[in-house]
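In case you want the letters, here they are:
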Amino acid sequence: MTALGSDVDVTISEVGLRDGLQSLASIMPTEAKKTWIDMQAKAGVPELEVGSFVPKKLLPQLADTGELVAHALNHEDLSVAALVPNLRGAEAATAAGATRMTLPFSVSESHSLANLRRSHDEIFAEVEQIVGHLASIPESKRPGFEVGLSTAFGCTIEGRVSEDDVVRIAERLVALGADEVGLSDTSGYADPAAVKRLTKKIWNAVGRERMHGIHLHNTRGQGLANALAALDVGLDTIDSSLGGIGGCPFAPGASGNIVTEDLVFMLEAMGVRTGIDLDALLEVRRFVQEALPSEQLYGFVCEAGLPKGFRDA
């Protein structure tokens, strides 16, 4: 999680470069990705998840993650995040200098076996090894380590998951030494009431300082409503994807992250400060669409434009 500045009320973490691109057939050229990073940093986006340290044969779309981390670090105030599936990925992320890394832990064990090809016990062991690895790194160079609670609200393979299981897993991950956990609606099962209820349960179990963020999909049109519920309950970091691209290739039907442009518009219109220049963000969208001409981008603000008086307000 990026620390909130005095002029920002909520951190928007852009995941399009990772969760977005990993689900597309197109492979965006590395130089275009670098331009995307530069434009979003200039627009004021405080955190970018630039890729995932996974084998090239699994996700060739993300094979240049190490190079992108190095490039993104040229932006002094930018939090540079990456996804890691295991200890090897964590070692690569720390060597590259990532600010933060996230390991996905699917509460649905069926999804875990499909996504990471590991059981819960195997991932707990992986977390323990990563924590040990991080302990060997000087604190000033140590990235934050978050474990994302994937399929926390439900799974397309198993259906609904138990909230008690989510809390139990969160408790164990924190006990093993993870800096924090994050909620993830991988399959679009969440609703606003569930977001509030599960957030409070996890906070009661591990403390508010151990969970700040949520990753939402708009599979069933609940994305912005769930983001608003997250903000209302007190979470202060929300993941989103430029143009709403992305999903999970190992969760059938899990299409669509929430659209960064629409999320920023909603929050700024409410008076919730994101620190993001929406006009500049829409320019980023135009660039990404040109770089991915065969892919569909989603969202409403780009089509309707900003309402009269919005900039003055």
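Structure shown above.
Below is a short write-up of the structure.

## Comments concerning the overall build of the chain
Next up, step 1: Along its length, the chain carries twelve helices and eight strands.
Next up, step 2: Its C-alpha radius of gyration of 18 Å places the chain within 12% of the 20 Å reference for a compact globule of 313 residues.
Next up, step 3: Projected onto its principal axes, the C-alpha coordinates of the chain cover approximately 55 × 40 × 40 Å.
Next up, step 4: Each of the 313 residues in the chain was classed as buried or not, and the buried ones make up 58%.
Next up, step 5: Taking as baseline every contact in the chain between residues at least 6 positions apart, the subset at least 24 positions apart corresponds to 73%.
Next up, step 6: Carbon and sulfur atoms make up 49% of the accessible area of the chain, which amounts to about 13000 Å² in all.
Next up, step 7: Counting 27 positive and 43 negative side-chain charges, the chain places the averaged centre of each group 2 Å from the other.

## What about the sheet that holds strand β7 (residues 213–215)?
Within a beta sheet, neighbouring strands are joined by backbone hydrogen bonds and run either parallel or antiparallel to one another.
Next up, step 1: Taken in spatial order, the eight strands line up as β1-β2-β3-β4-β5-β6-β7-β8 and close into a barrel, and their pairing is parallel. Ignoring strand direction, the axes of neighbouring strands in this sheet form an average angle of 30°.
Next up, step 2: Sheet topology note: the strand β2 (residues 47–52)/strand β3 (residues 79–83) ladder contains four bridges and is parallel. Bridging from a neighbouring strand, E49 pairs with A81 of β3.

## As for the packing of aromatic side chains
Next up, step 1: Taken as a whole and judged by the stated rule, the model has two aromatic pairs.
Next up, step 2: Seen in terms of ring centroids, F265 and F310 are 5.1 Å apart; in terms of plane orientation they differ by 35°. Their pairing is tilted. Residue F265 is found in helix α10 (residues 260–270), and its partner F310 is found in the segment after α12 (301–304); the two are separated by 45 residues along the sequence.
Next up, step 3: Stacked on the ring of F124, the Lys or Arg R172 has its end atom at 3.9 Å from the ring centre.
Next up, step 4: Geometry around Y189 places R220 over its ring, the cationic atom sitting 5.2 Å from the centre.

## Concerning the pattern of salt bridges
Next up, step 1: Counted by the stated rule, this structure contains 15 salt bridges.
Next up, step 2: The partner of R273 in a salt bridge is D9, with the nearest N and O atoms 2.9 Å apart. Of this pair, R273 sits in the loop between α10 and α11 (278–291) while D9 is found in the segment before β1 (11–14), placing the two residues 264 residues apart along the sequence.
Next up, step 3: When its relative accessible area of 37% is taken as the criterion, R273 is described as partly exposed.
Next up, step 4: Here E163 and K201 are joined by a salt bridge, their closest N and O atoms 2.7 Å apart. Within this pair, whereas E163 is found in helix α7 (residues 163–176), its partner K201 is found in helix α8 (residues 192–206), the two being separated by 38 residues in sequence.
Next up, step 5: According to the relative accessible area criterion, E163 is buried, its value standing at 16%.
Next up, step 6: Judged by its relative accessible area of 31%, K201 falls in the partly exposed class.
Next up, step 7: Beyond isolated ion pairs, a larger network of salt bridges with shared partners links R18, D19 and E49.

## A closer look at the packing of helix α2 (residues 30–43) against α11
Next up, step 1: The geometry of α2 relative to α11 is characterised by a closest axis approach of 9 Å and an angle of 170° between their N-to-C directions. Here α11 runs roughly antiparallel to α2, going by the angle between their axes. Each of A32, T35, W36, M39, Q40 and A43 in α2 lies in contact with α11, whose residues at this interface are A280, L281, E283, V284, F287, V288 and A291.
Next up, step 2: Looking at the contact of α2 with α11 residue by residue, the classes come out as ten nonpolar, two polar and one charged.

## Some thoughts on the side chain of Q61
Next up, step 1: Of note, Q61 is situated in the loop between β2 and α3 (65–72).
Next up, step 2: Of the residues examined, Q61 reaches a relative accessible area of 10% and is grouped as buried.
Next up, step 3: Here L24 takes part through its backbone oxygen, which lies 2.8 Å from a polar atom of the side chain of Q61.
Next up, step 4: Those residues in contact with Q61, other than ones at most four positions away along the chain, are L21, Q22, L24, S26, I27 and K33.

## Let's talk about the pairing of strand β5 (residues 144–150)
Next up, step 1: β5 sits mainly inside the fold: six of its seven residues count as buried.
Next up, step 2: As paired elements, strand β4 (residues 100–106) and β5 share seven bridges and run parallel to each other. Residue pairing for β5: L103 is matched across the bridge by V147.
Next up, step 3: Two strands pair when backbone bridges link them, and β5 and strand β6 (residues 180–184) are joined in this way by four bridges, in the parallel orientation. The residue of β6 that forms the bridge with L149 is L183.
Next up, step 4: Where the polypeptide runs from β5 across α7 and back to β6, its parallel neighbour, the crossover connection is right-handed.

Quick notes on the rules
Residues numbered from 1 in each chain as written. Predicted model: local features only at pLDDT ≥ 70, side-chain atom pairs only at ≥ 80, totals over all residues. Heavy atoms only, no water. Helix = DSSP H or I, 4+ residues; strand = E, 2+ residues; numbered from the N terminus. Rg over C-alpha atoms; globule rule 2.2 N^0.38 Å. Buried < 20%, exposed > 50% of the residue type's maximum accessible area, 1.4 Å probe, protein only. Contact = heavy atoms within 4.5 Å. Areas by Shrake-Rupley, 256 points an atom, 1.4 Å probe, with all protein chains shown as cover. Lys, Arg positive; Asp, Glu negative; His and termini not counted. Charge placed at Lys NZ, Arg CZ, Asp CG, Glu CD. Pairing = 2+ DSSP bridges. Axes fitted to C-alpha atoms, helices over the stretch in contact; angles between N-to-C directions. Phe/Tyr/Trp six-rings, centres within 6.5 Å; stacked < 30°, edge-to-face > 60°. Lys NZ or Arg CZ within 6 Å of the ring centre and 35° of its normal. Salt bridge = Lys/Arg side-chain N within 4 Å of Asp/Glu carboxyl O. Parallel < 35°, antiparallel > 145°, perpendicular 65-115°, else oblique. Nonpolar A, V, L, I, M, F, W, Y, C, P; charged D, E, K, R; others polar. Polar contact = N/O pair within 3.5 Å; in protein donor to acceptor, adjacent residues only side chain to side chain. Right-handed = clockwise from strand over helix to strand, strands pointing away.

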